[in-house]
Amino acid sequence: MTQAEQERRFQEKIEKEIKIEPNDWMPDEYRQTLIRQISQHAHSEIVGMLPEGNWITRAPNLRRKAVLLAKVQDEAGHGLYLYSAAETLGADREQLIDDMHTGKAKYSSIFNYPALTWADIGTIGWLVDGAAIMNQVALCRTSYGPYARAMVKICKEESFHQRQGYESLMKLCNGTPQQKAMAQDAMNRFWWPALMMFGPSDAESTHSDQSIKWKIKRFTNDELRQSFVDASVSQAEILGLTIPDPNLKWNEARGHYDFSEINWDEFWQVVKGNGPCNKERIAARLKAKEDGLWVREAANAFAKKRAMKKSA
Ligand code: BYC
């Protein structure tokens, strides 16, 4: 079969919503796009453990501590499913992780902002996991089978993450004036970075057009960002929090909320490694890799021993 025929059949499967599986023929660019996106998604999950993990020992009570611990553990699990999905495409996990450490591979910009107060933890659950859900529910229908299936379980857990965040904020917003002010301050700092999670505007997005054709992405960055804004307004109203955007206004003709232009300069600075916590996050990941070396060596030695026993 010629390359052109293989490509035609591949695209036909995509059009018919037939999932592409690891052993199926796929164009090399499709494979590389998936490895890039899935591995960056995996990196985001494990880097995302850092700002929240920092608050486990300082949670205000045992219930909140148990919930936060479970959430942070879930993020590690999401990282594992996603690295495994990338491995089904022939990627080497160690290499992927090293690419993040050297800055060759990205992770979500949002995790380069600090979690300064307890209200930030609720806000991360509500807005950051909320934005993640908006993006990932769509990815449950992505064209690559192992990625789509991983997303189904991840979305169920993200839904718990979002609700625990909202519930925690609800308590603060109905608490003392100081607690409410702390929640508003967290909202002021996290709103814009949460909108940046959806990526550059469609006009600036390098990969969107092709990824939409391959049904890796089911919606564009701007479409998902708009859905997120639309969904967040009434949630903020219920909490009694003000979204920090003077131009946020319902547009009857569009059937959507209008909002201000994002500070793209800040976005690209953070993506390029110059955000408030980029260096700290990479240093923490490097330390985790070094500290865990003996565990990986022991597991590999044990696996080797078992294989030798089996073949003896
Ligand atoms: N931050 O052409 P574009 C979570 C990069 S966390 C940094 O639009 P694409 C969670 C992009 O990689 C959420 N970089 O790209 C965990 C590209 O650079 P490269 C993680 C960004 O891939 C713990 C360039 O900008 N979710 O779930 O078509 C606790 C041009 O962009 C960002 C995912 O990863 C950004 N925000 O679309 C709580 C979901 N945005 O690669 C929550 C899966 C863009 O050419 N990923 N860039 O060097 C996606 O859906 C897509 O990859 C994106 C970007 C929508 C993020």
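Residues numbered from 1 in each chain as written. Predicted model: local features only at pLDDT ≥ 70, side-chain atom pairs only at ≥ 80, totals over all residues. Heavy atoms only, no water.

## Regarding the state of the cysteines
Using the criterion set out here, one finds 0 disulfides in the structure. Left without a disulfide partner, Cys 140 is nearest to the cysteine sulfur of Cys 155, which lies 3.8 Å away. Judged by relative accessible area, which is 21%, Cys 140 ranks as partly exposed. (Disulfide = S-S within 2.5 Å. Buried < 20%, exposed > 50% of the residue type's maximum accessible area, 1.4 Å probe, protein only.)

## Brief notes about empty space enclosed by the protein
Taken as a whole and judged by the stated rule, the model has 3 cavities of 30 Å³ or more. The volume enclosed by the largest cavity comes to roughly 50 Å³. Lining the largest cavity, in full, are Lys 13, Ile 14, Glu 17, Ile 18, Lys 19, Arg 141, Ser 143, Lys 215 and Arg 218. Approximately 40 Å³ is the volume attributed to the second largest cavity. When contributions to the lining of the second largest cavity are tallied by element, the ones reaching two or more residues are helix H4 (62-87) and helix H6 (118-139). Per element, the largest residue contribution to the lining of the second largest cavity is 3 residues, and it comes from H4. Each residue belonging to the lining of the second largest cavity can be placed in one class, and the counts come to 4 nonpolar, 1 polar and 1 charged. (1 Å grid on protein atoms, 1.4 Å probe; cavity = no way out; pocket = protein on both sides within 12 Å on 5 of 7 lines; lining within 4 Å. Points joined across faces, edges and corners; volume = space filled by probe spheres on them. Helix = DSSP H or I, 4+ residues; strand = E, 2+ residues; numbered from the N terminus. Nonpolar A, V, L, I, M, F, W, Y, C, P; charged D, E, K, R; others polar.)

## A look at the site of the ligand
Lys 106, Ser 205, His 207, Lys 217 and Asn 221 are the nearest of the 32 residues found near the ligand. With respect to the ligand, the backbone of Met 196 contributes an N or O atom lying 3.3 Å from a nitrogen atom. Protein chains bury 91% of the 1000 Å² of accessible surface belonging to the ligand in isolation. At a threshold of 2 Å from the grid points, most atoms of the ligand map onto the largest pocket. Breaking the shell around the ligand down by element, the ones donating at least two residues are helix H2 (28-47), H6, helix H7 (145-173) and helix H11 (264-274). Counting residues per element, the shell around the ligand draws most heavily on H2, at 6 residues. Taken together, the residues of the shell around the ligand break down into 12 nonpolar, 13 polar and 7 charged. (Near = heavy atom within 4 Å. Polar contact = N/O pair within 3.5 Å; in protein donor to acceptor, adjacent residues only side chain to side chain. Areas by Shrake-Rupley, 256 points an atom, 1.4 Å probe, with all protein chains shown as cover. Sits in = over half its atoms within 2 Å of the grid points.)

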